[in-house]
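# Fold and contact review
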Amino acid sequence: MEYRNLLEYEIAQLEASGCTATNWNTVSVKDGFNPSCYIRVNFSGNVKLGNTRELFVRNGVPVRSGIYDATIHNCEIGDNVHISKIGEAIANYRVGDNCYIANVNAMFATGASSFGNGCEVNVMSETGSRSLYIYEGLTSQIAYLTAMYRHNEAFTTRIKALAKEYSDRQRCATGLIESNVTIAGCGTISDTIVRTGACVEGATRLVDGTVGRDCKVGDNVIASHFIMASQARVDSGSTIERVFVGQASSLANGFIAHDSLFFANCACECGEACAVFAGPHTVSMHKSTLLIGGMFSFFNAGSGTNESNHLYKLGPVHHGIMERGCKTASNAYITWPAHIGPFTLVAGSHTSHPDTTELPYSYLMERKGKSLLIPAANLKT
């Protein structure tokens, strides 16, 4: 539907409702525009407004679409959108149809951004020797090839170049809120895309990222330089920086992560992750659990699990691999480098860099300060 300029009586009604504009000629609307749905709104820059014909039901309470107590700068607002109580402004954003945005401090795009796409993540090695670019659509297979095939420089260089090309195509100076999105009770949202059906409630700060379709971002979350795939959940005080959160994965209850990848159906709470490659179904649910510099999949971290990628004074130059289906017992400790075979239970402290890849389904125990392997002990379970 085409837009038109405001009519004189519409401007008069808007001004009577406490609305102002730097220039009313830069505010355009669709036919059917209802000026009574705009109260105490400050318009500046080029603004396009959709129609306001429907009611929302928010927590059982009917809510009228329209804009109330807000500053709108260089924005395109879709049909049947409710925006209210914006502390600072919504600037340089396109907002899709049927969105609810309320009690937000500020939402703005600062300039050309790729919204988390193309962010370099120093996974496995904090020194950057196995870094990769995160982007929407990143899979665990592509990430594995990029991080683990550095001996084939031409191959990994080409993969990173393709990821960078995709990220460059996403670059835009305008942020995007797609349709049927809820954003409520939040602090600052900047240079962030929110995809269809996502819900962001109570987040403290989102910077340079993408919130995927049907995602949930909850109370006190701080996220910067991130990608959340569809149906992901980041909630209850979690803090992430340079992180990819895969499809239907959940980071919650104060979990802290940086330079890490969590692929499909991971669930992590309370602990910490640094430079972690968490393949599908990696689970860490306990306080005092630190995953660092490791690769995991179908992994279950016992409480107090700890890993070290420092060797004396050389810095964090080592990494380790726990193959599919491993589990650590409470207070397990491993000094990287190490390579643990599939479906192995690790208990106790291990500082001798074991490689048990040829003996899967084992128990790796500590006896008198040394590592003891009980082969195939897990087969009976």
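Provided above is the structure to which this section pertains.
We now turn to the structure provided with this report. Keep in mind the model is a prediction, meaning the values are calculated, not measured. (Residues numbered from 1 in each chain as written. Predicted model: local features only at pLDDT ≥ 70, side-chain atom pairs only at ≥ 80, totals over all residues. Heavy atoms only, no water.)

### Comments concerning the overall build of the protein chain
In plain terms, the rule: A run of H or I in DSSP counts as a helix once it spans at least four residues, and a run of E counts as a strand once it spans at least two, with each numbered from the N terminus. Note on classification: 1.4 Å probe, protein chains only; a residue is buried when its accessible area is under 20% of the maximum for its type, exposed when over 50%, partly exposed between these limits. Residue contacts follow a heavy-atom distance rule, with two residues in contact if any of their heavy atoms lie within 4.5 Å. Each accessible area value is a Shrake-Rupley result obtained with a 1.4 Å probe; residue values ignore everything except the protein chains displayed when judging cover.
When you go through the protein chain residue by residue, the secondary structure sums to three helices and 41 strands. Sorting the 381 residues of the protein chain into buried and exposed places 52% on the buried side. In the protein chain, 32% of the contacts between residues at least 6 apart in sequence involve partners at least 24 apart. Just so you have it, the protein chain exposes about 16,100 Å², and 50% of that area is on carbon and sulfur atoms.

### Here's the deal with the pattern of salt bridges
Put simply, the test is: Each salt bridge in this description consists of a side-chain nitrogen of Lys or Arg and a carboxyl oxygen of Asp or Glu lying within 4 Å of one another.
In the structure shown here, the tally under the stated rule is 13 salt bridges. Between K160 and E120 there is a salt bridge, with its nearest N and O atoms 3.5 Å apart. Here K160 is found in helix α3 (residues 153–169), whereas its partner E120 is found in strand β14 (residues 119–121), with 40 residues between them in sequence. E120 sits in the partly exposed class, given a relative accessible area of 36%. E178 is the partner of R195 in a salt bridge, and the nearest nitrogen-oxygen pair spans 2.8 Å. On the criterion of sequence distance, the pair formed by R195 in the loop between β17 (182–194) and β18 (199–201) and E178 in the loop between β16 (175–177) and β17 is long-range, its members being 17 residues apart.

### Details of the packing of helix α2 (residues 140–148) against α3
Applied cut-off: For every element, the axis is a line fit to its C-alpha atoms; helices are fit only across the contacting stretch, and the angle between N-to-C directions ranges from 0 to 180 degrees. Small angles under 35 degrees read as roughly parallel and large ones over 145 as roughly antiparallel, with 65 to 115 read as roughly perpendicular and the rest as oblique. Here is the rule for handedness: rotate from the far helix to the near one, and if that takes an anticlockwise turn smaller than a right angle the crossing is left-handed, while a clockwise turn gives right-handed. Polar here means any residue other than Ala, Val, Leu, Ile, Met, Phe, Trp, Tyr, Cys and Pro, which are nonpolar, and Asp, Glu, Lys and Arg, which are charged; Gly is therefore polar.
Across the interface, α2 lies against α3 with an axial gap of 8 Å and an inter-helix angle of 135°. Compared by their axis directions, α2 and α3 come out oblique. In this structure, α2 meets α3 at a crossing whose hand is left-handed. Contacts between α2 and α3 involve I142, L145 and T146 from the former and F155, T156, I159 and K160 from the latter. In terms of residue class, the contact of α2 with α3 is made up of four nonpolar, two polar and one charged.

### Examining the side chain of S362
Here S362 is to be found in the loop between β39 (349–350) and β40 (363–367). Taking the relative accessible area as the measure of exposure, S362 reaches 0% and is therefore buried. When residues no more than four places from it in sequence are discounted, the contact partners of S362 are F343, T344, L345, L373, I374, P375, A376, A377 and N378.

### Things to note about the side chain of T196
What counts, and what does not: Whenever a nitrogen or oxygen atom comes within 3.5 Å of another N or O atom, the pair is scored as a polar contact, on the condition that within protein one atom can donate a hydrogen and the other can accept it, and that pairs from neighbouring residues in sequence are kept only if both atoms are in side chains.
Tracing the chain through its elements places T196 in the loop between β17 and β18. By relative accessible area, which is 18% here, T196 ends up buried. Within the structure, T196 has its side chain in polar contact with the side chain of E178 (distance 2.9 Å).

### Examining the pairing of strand β6 (residues 55–58)
To keep things clear, this is the line we draw: When DSSP locates at least two bridges between a pair of strands, those strands are taken to pair.
Side-chain alternation along β6 places F56 and R58 on a buried face and L55 and V57 on a face that remains uncovered. Note: β6 against strand β7 (residues 61–64), four bridges, orientation antiparallel. Paired with R58 across the bridge in β7 is V61. Where β6 hands over to β7, the hairpin turn is made up of two residues, of which N59 adopts a positive phi near 55°.

### Structural notes on unusual backbone geometry
Cis geometry marks the peptide bond from W336 to P337; its omega dihedral reads 5°. Examined against the element boundaries, P337 turns out to sit in the loop between β36 (333–335) and β37 (339–340). Non-glycine residue N103 carries a positive phi angle of around 55°. Judged by its relative accessible area of 42%, N103 falls in the partly exposed class. Residues other than glycine seldom take positive phi values, yet Y361 does so here, at roughly 60°. Among the secondary structure elements, Y361 is positioned in the loop between β39 and β40. Residue classification places Y361 among the partly exposed positions, given a relative accessible area of 32%.

### Regarding the nonpolar core
Where we set the bar: The nonpolar core is taken to be a set of buried Ala, Val, Leu, Ile, Met, Phe, Trp, Tyr and Cys residues, with the residues joined through side-chain atoms within 4.5 Å.
Judged by nonpolar contacts, the single largest core of 74 residues is most densely connected at Y38, L49, I183, L206, M228 and F262. Within the second largest apolar cluster, 21 residues are counted, among which are Y133, A163, F277 and M295.

### Describing helix α1 (residues 8–16)
Inclusion rule: Summarising the geometry, the arc corresponds to the directions from the helix axis toward the C-beta atoms.
Burial in α1 covers these residues: E10, I11 and L14. Axial view of α1: buried residues confined to an arc of 100°, hence all on one face. Turned more than 90 degrees from where α1 packs its buried face, E8, Y9 and A16 sit exposed. The inward-facing, buried residues of α1 contact β1 (4–5) and β4 (38–44). Where α1 ends, the next residue or the one after it, G18, has phi of about 85°, a positive value.

### Some points on the pairing of strand β41 (residues 370–374)
Pairing geometry for β40 and β41, over five bridges, is antiparallel. Bridge pairing links Y363 to I374 in β41. Here β40 hands over to β41 after two residues, with K368 in that stretch at a positive phi of 55°.

### Some remarks on the packing of aromatic side chains
Stated formally: Planes of paired rings set the category: under 30 degrees apart is stacked, over 60 is edge-to-face and the rest tilted, where pairs are Phe, Tyr or Trp rings (Trp by its six-membered ring) whose centres lie within 6.5 Å. Lysine NZ or arginine CZ positioned within 6 Å of the ring centre and within 35 degrees of the ring normal marks a charge as sitting over the ring.
Inspection of the entire model under this criterion finds 11 aromatic pairs. Pairing F263 with F277 gives two aromatic rings, centres 5.6 Å apart and planes at 40°, and the pair type is tilted. Placement of F263 in the loop between β25 (256–262) and β26 (267–269) and of F277 in strand β28 (residues 277–278) is noted, with a sequence separation of 14 residues between them. Each member of the pair, F263 together with F277, is buried. Taken together, the ring pairs connect Y144, Y149 and F155 into an aromatic cluster. Above the ring of F298, the side-chain terminus of R324 is found at 4.0 Å from the ring centroid.

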